[in-house]
Amino acid sequence: MTEEKKGAILGVLVPQVIHLITENSSYDEITAATEFYGSDLYALLEQEDTKLWHFSPLTLFHMFSEEKKTGRFEIPEEV
């Protein structure tokens, strides 16, 4: 995948995940974005070979929440 395509996909996914974070926490949009961009999940999401960008924003939100609560997250198996 080209950097342009990856950027386009992340440009759609990331705002949706950040929106879910703000709806389900006490974080404002700036804090939610800072927390998400600083997460291990986001670091893996940026790596094309992990294919995490295949997951829905809701699944990514749940993975982020798990990381915030436990310090780690599980990558769900695709059906």
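Because the structure is a prediction, the values reported are computed rather than measured.

Undergrad: Mind showing me how you'd approach the overall build of the protein chain here?
TA: A count of helices and strands for the protein chain gives 4 helices and 0 strands. Listing every helix and strand of the protein chain by position from the N terminus yields α-α-α-α. Taken against the 2.2 N^0.38 rule, which gives 12 Å for 79 residues, the C-alpha radius of gyration of the protein chain at 12 Å falls within 12% of a compact globule. Its C-alpha atoms give the protein chain principal-axis dimensions of about 35 × 25 × 20 Å. Classification of the 79 residues of the protein chain by burial places 33% in the buried group. Across the protein chain, every contact between residues at least 6 apart in sequence was considered, and the portion connecting residues at least 24 apart equals 46%.

Undergrad: Would you explain the packing of helix α1 (residues 3–23) against helix α4 (residues 57–70) in this entry?
TA: Each pair of packed helices gets described by two things: the angle between the helix axes and the distance between those axes. Put simply, α1 and α4 touch, their axes get as near as 9 Å, and they point 55° apart. Classified by the angle their axes make, α1 and α4 are oblique. Like other packed secondary-structure pairs, α1 and α4 cross with a definite hand, here right-handed. Each of Leu13, Gln16, Val17, Leu20 and Ile21 in α1 lies in contact with α4, whose residues at this interface are Pro57, Leu58, Leu60, Phe61 and Phe64.

Undergrad: What am I meant to see in the pattern of salt bridges here?
TA: If the charged atoms of two oppositely charged side chains come close together, the side chains can form a pair. If you walk through the whole model with that rule in mind, you get 3 salt bridges. For glutamate 35, the salt bridge identified is with lysine 68, shortest N-O distance 2.3 Å. Of this pair, glutamate 35 sits in helix α2 (residues 29–37) while lysine 68 is found in helix α4, placing the two residues 33 residues apart along the sequence. Note on glutamate 35: relative accessible area 26%, which makes it partly exposed. Judged by relative accessible area, lysine 68 falls into the partly exposed class, the value being 42%. One salt bridge connects arginine 72 with glutamate 74, and the closest N-O pair in it is separated by 3.4 Å. Taking relative accessible area as the criterion, glutamate 74 reaches 46% and is therefore assigned partly exposed.

Criteria and cut-off values
- Residues numbered from 1 in each chain as written.
- Predicted model: local features only at pLDDT ≥ 70, side-chain atom pairs only at ≥ 80, totals over all residues.
- Heavy atoms only, no water.
- Helix = DSSP H or I, 4+ residues; strand = E, 2+ residues; numbered from the N terminus.
- Rg over C-alpha atoms; globule rule 2.2 N^0.38 Å.
- Buried < 20%, exposed > 50% of the residue type's maximum accessible area, 1.4 Å probe, protein only.
- Contact = heavy atoms within 4.5 Å.
- Axes fitted to C-alpha atoms, helices over the stretch in contact; angles between N-to-C directions.
- Parallel < 35°, antiparallel > 145°, perpendicular 65-115°, else oblique.
- Left-handed = near helix turned anticlockwise from the far one by under 90°.
- Salt bridge = Lys/Arg side-chain N within 4 Å of Asp/Glu carboxyl O.

Without other data, these values stay purely geometric and don't point to any function.
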